[in-house]
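# Working through the structure, step by step
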Amino acid sequence: MLLGRSKGSRPQRGQSLAEFAVVAPVFLLVMMAMFNLAMAGFAAVSASNAANYGARRGSVVQGGGAAAVAAAAAQQQAETFGVGEYDVSAYGGGRRGAQVVVVVDWTVPNFIGGLMAYVGADLSNDFSGSITSSFR
């Protein structure tokens, strides 16, 4: 018996390399997709937190300027996350007990879209969403 081969078996040189060459691109594509979706999920939760924080801050302002305070607070909170881009807008407020609404739009780049363009799929759009939060 030579190096673990049984008598009469033929060596299959390069079989593991061929298997790796087939499996590696698929594995990397799946890993990048998971990373991309995780970034999108993190950005959505971060936008939700920023919208809630901004609406809460705007709701405690007595008198005018509640929407401006809410938008500034939400933008400041969104800038601390570091993943994606956030666009904040707010409206409402103005009197005691009025509803303050904050809208946070988020966008995360789609890294997998560029890779899929080589196989003919059109996944070039970025992941995006919109979160609305309101407080009285």
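As shown above, the structure is provided for reference.
Residues numbered from 1 in each chain as written. Predicted model: local features only at pLDDT ≥ 70, side-chain atom pairs only at ≥ 80, totals over all residues. Heavy atoms only, no water.

### Some points on helix 2 (residues 66-79)
- If you check helix 2, its first and last C-alpha atoms are 20 Å apart, about what 14 residues at 1.5 Å a residue would give, namely 20 Å.
- Residues Ala66, Ala67, Ala70, Ala71, Ala73, Ala74 and Ala78 constitute the buried set of helix 2. Buried residues of helix 2 fall within an arc of 165 degrees about the axis and therefore sit on the same side. Away from its buried face, by an angle of more than 90 degrees, helix 2 presents the exposed residues Ala68, Gln76 and Glu79.
- The inward-facing, buried residues of helix 2 contact helix 1 (15-59), strand 1 (85-92) and strand 2 (100-108). (Helix = DSSP H or I, 4+ residues; strand = E, 2+ residues; numbered from the N terminus. Expected span 1.5 Å × (residues − 1). Buried < 20%, exposed > 50% of the residue type's maximum accessible area, 1.4 Å probe, protein only. Arc of directions from axis to C-beta. Contact = heavy atoms within 4.5 Å.)

### Observations concerning the nonpolar core
- With 19 residues, the main nonpolar core has Tyr86, Val88, Val102, Val104 and Trp106 as its most contacted residues.
- Elements represented by at least two residues in this core include exactly helix 1, helix 2, strand 1 and strand 2.
- Here this core takes seven residues from helix 1, the largest share from any one element.
- Aside from chain neighbours lying at most four places away, what touches Tyr86 is Ala43, Ser46, Ala47, Gln75, Ala78, Phe81, Val104, Asp105 and Trp106. (Core = buried A, V, L, I, M, F, W, Y, C linked by side-chain atoms within 4.5 Å.)

### Some remarks on the side chain of Ser133
- With respect to the helices, strands and loops of the structure, Ser133 is situated in strand 3 (residues 127-135).
- The class of Ser133 is buried, set by a relative accessible area of 6%.
- A polar side-chain atom of Ser133 sits 2.6 Å from a polar atom in the side chain of Asn52. (Polar contact = N/O pair within 3.5 Å; in protein donor to acceptor, adjacent residues only side chain to side chain.)

### Description of the sheet that holds strand 2
- The three strands are arranged 1-2-3 in an open sheet whose pairing can be described as antiparallel. Edge positions in the sheet fall to strand 1 and strand 3, since each has one partner strand and no second. Neighbour to neighbour, the strand axes of the sheet diverge by 15 degrees on average, direction disregarded.
- Across eight bridges, strand 1 lies against strand 2 in antiparallel orientation. Each residue of the ladder has a partner; that of Val88, found in strand 2, is Val104.
- Against the sheet, helix 2 touches strand 1 and strand 2, its axis set at about 165 degrees to strand 1. (Pairing = 2+ DSSP bridges. Axes fitted to C-alpha atoms, helices over the stretch in contact; angles between N-to-C directions.)

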